[in-house]
Amino acid sequence: MPVKVLFAAYLILWLYLAIEPLDRFDWVLDNLLVFLLGPPFLYYMRHFHLSGTSYVLIILYLMLCAVGAHWSYSFVPAGDWVR
């Protein structure tokens, strides 16, 4: 899977979850690492190539963090998704 598709999927999910989070201040704090480390990661991605599996795992981790930031982790309705 191309890296650009993975990042586009993450960006779409992140933008969707940025709409009306449970607590905006906590959302900003939870996304602080994305704001600070995202641009340097994208810049250095041109120089240091990782495997496709690494990119998939990084994006999955960031997606889980985005979901947790939207509902403040302890209120994530994971049980409702399983039903």
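Just so we're clear, the structure is a prediction, and the values are computed from it rather than from any experiment.

A. Examining the packing of aromatic side chains more closely. Applying the stated criterion across every chain, the model contains seven aromatic pairs. Seen from their ring centres, W27 and F35 are 6.1 Å apart, and the 65 degrees between their planes marks the pair as edge-to-face. Between the aromatic rings of Y44 and F48, the centroid separation amounts to 6.3 Å while the plane-to-plane angle is 40 degrees, which identifies the pairing as tilted. One aromatic cluster in this structure is built from F7, F41 and Y55. Over the aromatic face of W27 sits the side chain of R24, whose NZ or CZ is 5.2 Å from the ring centroid.

B. Examining helix 3 (residues 32-44) more closely. The end-to-end C-alpha separation of helix 3 is 19 Å, in line with the 18 Å expected for 13 residues at 1.5 Å each. Along helix 3, the helix axis deviates most sharply at G38, where the bend reaches about 35 degrees; the proline P39 sits within four residues downstream.

C. Just the side chain of N31, in detail. Among the secondary structure elements, N31 is positioned in the loop between helix 2 (24-30) and helix 3. By relative accessible area, which is 3% here, N31 ends up buried. In terms of polar contacts, N31 uses its side chain to reach the backbone carbonyl oxygen of W27, at 2.9 Å. Apart from residues no more than four positions distant in its own chain, N31 is found in contact with W14 and A69.

D. Expanded view of the confidence of the model for the chain. In the predicted model, the chain carries a mean pLDDT of 87, and 93% of its residues have values of at least 70. Put simply, helix 5 (residues 78-82) is where the chain has its lowest mean pLDDT, 66, and helix 1 (residues 3-17) is where it has its highest, 93.

Each value, and the rule that gives it
- Residues numbered from 1 in each chain as written.
- Predicted model: local features only at pLDDT ≥ 70, side-chain atom pairs only at ≥ 80, totals over all residues.
- Heavy atoms only, no water.
- Phe/Tyr/Trp six-rings, centres within 6.5 Å; stacked < 30°, edge-to-face > 60°.
- Lys NZ or Arg CZ within 6 Å of the ring centre and 35° of its normal.
- Helix = DSSP H or I, 4+ residues; strand = E, 2+ residues; numbered from the N terminus.
- Expected span 1.5 Å × (residues − 1).
- Bend = angle between axes of the 7 residues up to and from the residue.
- Buried < 20%, exposed > 50% of the residue type's maximum accessible area, 1.4 Å probe, protein only.
- Polar contact = N/O pair within 3.5 Å; in protein donor to acceptor, adjacent residues only side chain to side chain.
- Contact = heavy atoms within 4.5 Å.
- pLDDT = per-residue confidence, 0-100.

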